[in-house]
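Architecture and fold: a report
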Amino acid sequence: MFSTKKIKDRMTLGIVSGLLGNLAKQSTASILIRVLKIGKSDGPTYAAGIFMPKSTMFFKKKAKSVQIIGHVADNIIGAMLGVSAVYLLSFTGKDHYVTKGIGLGHLSWTTMYGFLAKMGATSMYPVGAKNTINSLISHSVFGVVTKYAAVKLGDEGLFKPNFQSLGKPQQEILQPRKPNPPS
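These numbers were taken from a predicted model, which means no experiment stands behind them.

**Focus on the side chain of S108**
For S108, the location among the structural elements is in helix α5 (residues 97-118). Among all residues touching S108, those that are not within four sequence positions of it are L81, Y113 and H139.

Following this line, the structure appears as structure tokens:
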């Protein structure tokens, strides 16, 4: 009835998937902050901290200019992670995409909110336990939605590697060998 056109370009698919995942991440963080009172800061706040000194972030966190910078930076990071997610799916296949998505979310959370933040990449460090839990949950949602969007929106041909991946042994290796007939 409806013909859906699939995205055939990995970069475009990655950007779209990453932005959709980031929208889900920001929505999840917002619900956790506003409804469940888990944390006070979200991804755009940390992303704005890449460009703003701590003194500015402390006093002007709610300023429109800081929010715009934060949302733009957070979405750019999400789009870049989406591109890497699509390439990883192309390499490893689209099976178990939910597990792979959680892995992507946890890897990005550990890298950006742990390692890079501690190294001084953002002025929004250190953070409290509730903010850490909020970002872990929202990054998990980001990874799953990004991978889901890539699998659902991407052309099937993008996920068939042209080489044998380590996760999928060749079929003949799995089949028992037939004995040679006696001579």
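**Focus on the nonpolar core**
Among the nonpolar cores identified, the biggest contains eight residues, and these are I7, L13, V86, L89, A150, V151, L158 and F159. Contacts of V86, omitting those with residues within four sequence positions, involve R10, L13, G14 and A150. Among the nonpolar cores identified, the runner-up in size contains five residues, and I77, L81, A85 and F142 belong to it.

**Things to note about the pattern of salt bridges**
Evaluated as defined, the whole model comprises three salt bridges. For K25, the salt bridge goes to D74, with nearest N and O atoms at 2.7 Å. Residue K25 is located in helix α1 (residues 10-34), and its partner D74 is located in helix α4 (residues 64-92); the two are separated by 49 residues in the primary sequence. K25 gets classed as buried once you look at its relative accessible area, which sits at 5%. The residue K94 makes a salt bridge to E156 at a minimum N-O spacing of 2.7 Å. Here E156 lies in the loop between α6 (129-153) and α7 (171-174) and K94 lies in the loop between α4 and α5, a separation of 62 residues in the sequence. Given the relative accessible area of 41%, E156 is considered partly exposed.

About the cut-offs
Residues numbered from 1 in each chain as written. Predicted model: local features only at pLDDT ≥ 70, side-chain atom pairs only at ≥ 80, totals over all residues. Heavy atoms only, no water. Helix = DSSP H or I, 4+ residues; strand = E, 2+ residues; numbered from the N terminus. Contact = heavy atoms within 4.5 Å. Core = buried A, V, L, I, M, F, W, Y, C linked by side-chain atoms within 4.5 Å. Buried < 20%, exposed > 50% of the residue type's maximum accessible area, 1.4 Å probe, protein only. Salt bridge = Lys/Arg side-chain N within 4 Å of Asp/Glu carboxyl O.

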